[in-house]
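Okay, here's what each chain looks like letter by letter:
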Amino acid sequence: MKLGVVGLPNVGKSTLFNAITHAGAEMANYPFCTIEPNVGVVTVPDERVDKLAAMYQSKSVVHAIIEFVDIAGLVKGASRGEGLGNKFLSHIREVDAIVHVVRCFEDPNITHVENSIDPIRDIETITLELILADMDTVQKRIDRIKRVALGSTDKVAAAEYDFLTRLFAHLESEKPARLFPVAESEKDFMYNLFLLTAKPVLYAANIKEDEISLPESENQFVCAVKEYAAKENSQVMVLCAKIEEELSQMDEEDKAMFMEEYGLEKSGLDKLIQASYELLGLISYLTAGEKETRAWTITKGTKAPQAAGKIHSDFERGFIRAEVVDWKTLLDCNGYAKAREEGKVRSEGKDYVMQDGDVVIYKFNV
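Model, not experiment: these values are computed from the prediction.

Things to note about the confidence of the model for the protein chain
With 91% of its residues at a pLDDT of 70 or more, the protein chain shows a mean pLDDT of 88. Every residue in residues 26-35 scores below 50 in pLDDT, and together they form 9 contacts with partners more than four places removed in sequence or on other chains.

Regarding the pattern of salt bridges
A complete count under the given rule lists 23 salt bridges for this structure. For Arg141, the salt bridge goes to Glu160, with nearest N and O atoms at 2.8 Å. Taken as a pair, Arg141 in helix H4 (residues 119-151) and Glu160 in helix H5 (residues 155-172) lie far apart in primary sequence, 19 residues in all. With a relative accessible area of 25%, Arg141 lands in the partly exposed category. Residue class for Glu160 comes out buried when judged on its relative accessible area of 10%. For Asp351, the salt bridge identified is with Lys303, shortest N-O distance 3.8 Å. Of this pair, Asp351 sits in the loop between strand E11 (346-348) and strand E12 (358-364) while Lys303 sits in the loop between strand E9 (292-299) and helix H11 (304-308), and the two are 48 residues apart along the sequence. Three or more residues are tied together by salt bridges with common partners; here these are Lys2, Glu67 and Glu94.

A closer look at the pairing of strand E4 (residues 65-70)
Summarising burial for E4: 5 of the 6 residues are buried, a large majority. When strand E2 (residues 39-43) meets E4, the two strands line up antiparallel, connected through 5 bridges. Note on E4: the bridge partner recorded for Thr43 is Ile65.

Some words on the packing of helix H1 (residues 13-22) against helix H8 (residues 241-248)
It is the contact of H1 with H8, at a shortest axis distance of 8 Å, that shows an interaxial angle of 20°. As the angle between them shows, H1 and H8 are arranged roughly parallel. For H1 against H8, the interelement crossing comes out left-handed. When H1 is examined against H8, the residues Thr15, Leu16, Asn18, Ala19 and His22 are found in contact with a partner set consisting of Ala241, Lys242, Glu244, Glu245 and Ser248. Considering only residue class, the contact of H1 with H8 consists of 3 nonpolar, 4 polar and 3 charged.

Focus on the sheet that holds strand E1 (residues 2-6)
If you walk across this open sheet you meet the 6 strands as E2-E4-E1-E5-E6-E7, and the pairing is mixed. With partners counted over all chains shown, the strands left at the sheet margins are E2 and strand E7 (235-239), one partner each. Going from strand to strand, the sheet's axes swing by 25° on average, the running direction of each strand aside. The strands that H4 touches are E1, strand E5 (97-103) and strand E6 (201-206); relative to E5, the one it contacts most, it runs at about 145°.

Things to note about the environment of Ser152
Positionally, Ser152 belongs in the loop between H4 and H5. A relative accessible area of 38% places Ser152 in the partly exposed class. Taking the C-alpha atoms as reference, Ser152 lies 54 Å from His112; in sequence the two are 40 residues apart.

Remarks on helix H10 (residues 268-280)
Taking 1.5 Å of rise per residue, the 13 residues of H10 would be expected to cover 18 Å, and the 18 Å separating its terminal C-alpha atoms lies within 8% of that figure. Turning to H10, its buried residues number three or more, namely Gly268, Leu269, Leu272, Ile273, Ala275, Ser276, Tyr277 and Leu279.

Things to note about unusual backbone geometry
Despite not being glycine, Glu174 shows a phi value in the positive range, around 65°. For Glu174, the position within the fold is in the loop between H5 and helix H6 (187-191). Look at Asn334: it is not a glycine, yet its phi comes out positive at around 60°. Checked against the element boundaries, Asn334 lands in the loop between helix H13 (327-332) and helix H14 (336-341).

So, the side chain of Glu67
Tracing the backbone through its elements, the reader meets Glu67 in strand E4. Since its relative accessible area comes to 19%, Glu67 is described here as buried. Sequence-distant contacts of Glu67, that is, excluding residues within four places in its chain, are made with Met1, Lys2, Leu3, Val39, Gly40 and Val41.

Focus: the side chain of Lys255
Considering the arrangement of structural elements, one finds Lys255 in helix H9 (residues 252-262). This buried residue, Lys255, is left without a salt bridge; Glu252 holds the nearest opposite charge, at 4.5 Å. Beyond its immediate chain neighbours, meaning those up to four positions away, Lys255 contacts Leu247 and Met250.

Some words on the packing of aromatic side chains
The full count for this structure, using the stated rule, is 9 aromatic pairs. Consider the rings of Tyr203 and Tyr228, whose centres lie 6.2 Å apart with planes at 85°: the pair is edge-to-face. Note that Tyr203 is positioned in strand E6 and Tyr228 in helix H7 (residues 220-231), a separation of 25 residues in sequence. On the basis of relative accessibility, which here comes to 19%, the residue Tyr228 falls in the buried class. Arranged with centres 6.3 Å apart and planes meeting at 65°, the rings of Phe319 and Tyr362 form a pair that is edge-to-face. Residue Phe319 is located in strand E10 (residues 319-326), and its partner Tyr362 is located in strand E12; the two are separated by 43 residues in the primary sequence. For the residue pair Phe319 and Tyr362, the accessibility class agrees, reading buried in each case. By the ring-pair criterion, three or more aromatic residues cluster together here, those being Tyr285, Phe315, Phe319, Tyr362 and Phe364. A cation sits over an aromatic face here: Arg294 above Trp296, 4.4 Å from the ring centre.

How each quantity is defined
Residues numbered from 1 in each chain as written. Predicted model: local features only at pLDDT ≥ 70, side-chain atom pairs only at ≥ 80, totals over all residues. Heavy atoms only, no water. pLDDT = per-residue confidence, 0-100. Contact = heavy atoms within 4.5 Å. Salt bridge = Lys/Arg side-chain N within 4 Å of Asp/Glu carboxyl O. Helix = DSSP H or I, 4+ residues; strand = E, 2+ residues; numbered from the N terminus. Buried < 20%, exposed > 50% of the residue type's maximum accessible area, 1.4 Å probe, protein only. Pairing = 2+ DSSP bridges. Axes fitted to C-alpha atoms, helices over the stretch in contact; angles between N-to-C directions. Parallel < 35°, antiparallel > 145°, perpendicular 65-115°, else oblique. Left-handed = near helix turned anticlockwise from the far one by under 90°. Nonpolar A, V, L, I, M, F, W, Y, C, P; charged D, E, K, R; others polar. Expected span 1.5 Å × (residues − 1). Lys, Arg positive; Asp, Glu negative; His and termini not counted. Phe/Tyr/Trp six-rings, centres within 6.5 Å; stacked < 30°, edge-to-face > 60°. Lys NZ or Arg CZ within 6 Å of the ring centre and 35° of its normal.

Given below as structure tokens:
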């Protein structure tokens, strides 16, 4: 999973990204990854992996990972060349979802580019720049197919042209593509455009340290962001980027004491990861043993053969069956031997839909 972090200057985006970077995984564990300075990689906390690895005393333990990409250059006028201009486009097109950091605190010592705190204005500023970039993409596609769509009997081209003109009008009214109603027959048209505003968004409301223990309803800015997000069915999570940066530099003992002091059950980064999984409809299944215990990220609704293909294409191609047991049951049975003895291990076929927390052994033949 790859998430793009966006936000105006002085809203806490860089502070949050620094926290992510400091909390990053050792890249030696993930071969074939070239990580640029603007990419932070973190492991996904998962007690299931840790407990199964401890039971098996696994030689290798591999958690799922998330890449956070710092999308620089997104300022008012970016689509016209302000800031870093359109350099942000190549980075943001590659991500699966957007984490939009919004400033929800007042501090006279930290200036704002607009000289006032207004999270909704800030959201709309960033969104408009992405919409303008998307309008350019849609217009280019319209120009390419217009002659074929209007001058021939090509029904597919005509349908796409109709879709594009309606979509362009929607964008022109300053609404993101994710709010545009798309018929089943039009999904490929939308998918092939790779629009920036079609990506799901998670709003990260950044608050001050002394507000982290207070009810969220007491912060008028957070309330405004939640109200705005609800209208587009987006999620909001509240965090303090400054606290996240401090936590990322602590050892586990100090981190636990610090979080207890602030009354935090989870760090903002952990909550961000959990919210991102929910946003993209992702789950994890597990493989476990003495050699390795590992989490594999898949989309909800994935069937067993396709899930097997995440490990190796041969597993999917030669899929016979999957031996499946819930992770907690496997833990309670202290391994597969007793789980099988008690009839807790199920033999599932090609139509089995994987569940979060399944532990699997695949049987295949190529």
